[in-house]
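Structure assessment
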Amino acid sequence: MAGHEDTDFSCFGGAETLPPNVDKRTPRRTVVVAPSKKDDGRSHPGPPLDPADFLWMMTEEPHRTRRTAIMKAHPEVTKLMGYEPLTKYVVFGVVSLQVSIAIYLRHTHPLSWTFLALAYIVGGTANHNLFLAIHEITHNLAFRGVNANRALAVLANLPIGVPYAAAFKRYHLEHHKHLGEDGIDTDLPTRFELLCLNNVLGKTFFATFQIFFYALRPTFVRAQTLTKWHFINVVAQAIFDYILVRTFGVKPLLYLLFSSFFAGSLHPCAGHFIAEHYVWDGLNQETYSYYGALNLLAYNVGYHNEHHDFPSIPWTRLPALRALAPEFYDTLPSHPSWPMVIINFIRDKEVGIFARAKRLAKASQLTGMVPSPISSSCNDTSN
């Protein structure tokens, strides 16, 4: 096939088992801002992946190498690092909005069009924004102090209805430190998901209920050691939910829970869950960015290659990072649309639960053992 001369097919173990008519492929889904000789932005950079297994990589995750190269080429990048004071005001505003709407709907039937429309359009967007606020705060980018960031995360968690901020912090730091490492990075689908959800119906189920997969999968894959912040998170959420129900009835709480479900379901913003790390178009690429307008509602999480390269740069300065180092980012394929990512994920045979890059955990490569939960190498793992 044209455009494959420079592709290293050794990365695609298992692709040789696919049917020979690989020319009958779905259209290319990713785009390139600055096409290169290696990737013209139109041809498929590689063959389809084997749908019977994940893409197992023998190389190190790419972000550490690119971070080093960017810092060498642009040492002024360090000026972009640090906390963002605006974050706390956005959190206060969105939390106030959600609580106000929840109370406003206290006399509205939960299955009415008004209730459901507000929960999907406004609530789903707002709670998704809070999910990503917690993501931002997890990297200690809202305040200088660690405890202030943790307290803000607990506050941002309140309209979500169930406590998860403290648990998310540790899992997410491991996701950065051990990207793609099987048994450690809990963002990765499990073998069970691969076997059960690798068809259109299964992918539709996954995309509809992915909020539950991301919430429950970590507890089965990798247990955490509980800390006082887990306790604070649970107690604060229980008190908030109790006061809300006791004062205004159960409907406001239902609004918040519906909002959280929609935020992680078939919602335009939820496309980022799939867009970020699923492998597309036969690419040997583990992380994808999105530069569209929905970033305005999502703390610029679409700048995902940029975020993984420099987790210490806050959301407001990620566009500046890309502008500073276009030679590193404009040649990387990215997604033009989050909503279309969900649609294409469901309907395309070339992408599915199998389309994730995995590598053996570093310790298992040497000893055959997976590291114990909560590696000491993770940032900020104190109580």
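Scope of this entry: the structure provided in the associated data block.

Rules used throughout
- Residues numbered from 1 in each chain as written.
- Predicted model: local features only at pLDDT ≥ 70, side-chain atom pairs only at ≥ 80, totals over all residues.
- Heavy atoms only, no water.
- Helix = DSSP H or I, 4+ residues; strand = E, 2+ residues; numbered from the N terminus.
- Buried < 20%, exposed > 50% of the residue type's maximum accessible area, 1.4 Å probe, protein only.
- Contact = heavy atoms within 4.5 Å.
- Areas by Shrake-Rupley, 256 points an atom, 1.4 Å probe, with all protein chains shown as cover.
- Salt bridge = Lys/Arg side-chain N within 4 Å of Asp/Glu carboxyl O.
- Polar contact = N/O pair within 3.5 Å; in protein donor to acceptor, adjacent residues only side chain to side chain.
- Phe/Tyr/Trp six-rings, centres within 6.5 Å; stacked < 30°, edge-to-face > 60°.
- Lys NZ or Arg CZ within 6 Å of the ring centre and 35° of its normal.
- Core = buried A, V, L, I, M, F, W, Y, C linked by side-chain atoms within 4.5 Å.
- Expected span 1.5 Å × (residues − 1).
- Arc of directions from axis to C-beta.
- Axes fitted to C-alpha atoms, helices over the stretch in contact; angles between N-to-C directions.
- Parallel < 35°, antiparallel > 145°, perpendicular 65-115°, else oblique.
- Nonpolar A, V, L, I, M, F, W, Y, C, P; charged D, E, K, R; others polar.
- Left-handed = near helix turned anticlockwise from the far one by under 90°.

The helix and strand tally for the chain stands at 16 helices and two strands. For the chain, the proportion of its 383 residues judged to be buried stands at 53%. Considering only contacts in the chain between residues 6 or more positions apart, those separated by 24 or more positions represent 79%. When the accessible surface of the chain is totalled, it reaches about 17300 Å², and 67% of it is carbon and sulfur.

With that out of the way, let us pick up the pattern of salt bridges. Any two side chains of opposite charge can pair, so long as their charged atoms come close to each other. Overall, the coordinates contain 17 salt bridges when judged by the stated rule. The partner of Glu84 in a salt bridge is Arg317, and the shortest N-O contact between them spans 3.9 Å. Of this pair, Glu84 sits in the loop between helix 1 (62–73) and helix 2 (86–104) while Arg317 sits in the loop between helix 12 (304–309) and helix 13 (318–324), placing them 233 residues apart in sequence. Salt bridges sharing partners connect three or more residues here, namely Arg28, Asp39 and Asp281.

This part is about the environment of Asp330. With respect to the secondary-structure elements, Asp330 resides in the loop between helix 14 (326–329) and helix 15 (338–347). For the pair formed by Asp330 and Val33, sequence separation is 297 residues and the distance between their alpha carbons is 5.1 Å. Those residues in contact with Asp330, other than ones at most four positions away along the chain, are Val32, Val33, Ala34 and Arg322. Side-chain polar atoms of Asp330 contact the side chain of Arg322, separated by 3.2 Å.

Enumeration over the complete set of coordinates arrives at 18 aromatic pairs. Through a chain of ring-to-ring contacts, the aromatic side chains of Tyr120, Phe205, Phe206, Phe209, Phe212, Phe213, Phe261, Phe262, Tyr278 and Phe345 assemble into a single cluster. Note that Lys203 overlies the ring of Phe345, its terminal NZ or CZ placed 5.7 Å from the centroid. The positively charged end of Arg322 is found above the aromatic ring belonging to Tyr291, 3.6 Å away from the centroid.

For the rest of this paragraph, the subject is the nonpolar core. Within the largest apolar cluster, 51 residues are counted, with the highest numbers of intra-cluster contacts made by Val91, Tyr278, Trp280 and Phe345. Of all the elements in the fold, those that place two or more residues in this core are helix 2, helix 3 (113–138), helix 4 (146–157), helix 7 (200–208), helix 8 (210–221), helix 11 (271–275) and helix 15. Take this core: its biggest share by element is seven residues, from helix 3.

Glancing now at unusual backbone geometry. A positive phi angle is found at Asp281, which is not glycine, with a value near 60°. Secondary-structure assignment places Asp281 in the loop between helix 11 and helix 12. A residue is classified by how much of its surface remains accessible, and Asp281, at 7% relative accessible area, is buried.

Moving on, we get to helix 2. A rise of 1.5 Å per residue sets the reference length of helix 2, with its 19 residues, at 27 Å; its end C-alpha atoms lie 27 Å apart and thus fit the reference within 8%. Buried within helix 2 are the following residues: Thr87, Lys88, Val91, Val94, Val95, Gln98, Ile101 and Ala102. One side of helix 2 holds all its buried residues, which, seen down the axis, span an arc of 165°. Summarising the geometry of helix 2, the exposed residues directed more than 90 degrees from the buried face are Tyr89 and Tyr104. In this fold, the buried residues of helix 2 make contact with helix 3, helix 4 and helix 10 (251–263).

Below, the discussion takes up the packing of helix 7 against helix 15. Packing of helix 7 against helix 15 brings their axes to within 8 Å, and their N-to-C directions diverge by 150°. If you check the angle between helix 7 and helix 15, you find them roughly antiparallel. On the side of helix 7, the interface is formed by Val200, Lys203, Thr204, Phe206 and Ala207, while helix 15 contributes Ile342, Phe345 and Ile346. Residues belonging to the contact of helix 7 with helix 15 are distributed by class as follows: six nonpolar, one polar and one charged.

The subject of this paragraph is the side chain of Arg356. Within the secondary structure, Arg356 sits in the loop between helix 15 and strand 2 (357–358). By relative accessible area, Arg356 is classed as buried at 2%. Ignoring anything within four residues of it in the chain, the contact list for Arg356 reads Phe54, Leu55, Asp187, Leu188, Pro189, His277, Tyr278 and Val279.

Let us now look at the packing of helix 2 against helix 4. For the pair helix 2 and helix 4, the least separation of the axes is 9 Å and the interaxial angle reads 25°. Taken together, the axes of helix 2 and helix 4 are roughly parallel relative to one another. Note on packing geometry: the crossing formed by helix 2 with helix 4 is left-handed. Residues Lys88, Val91, Phe92 and Val95 of helix 2 pack against Leu152, Leu155 and Ala156 of helix 4. Split into classes, the residues belonging to the contact of helix 2 with helix 4 amount to six nonpolar, no polar and one charged.

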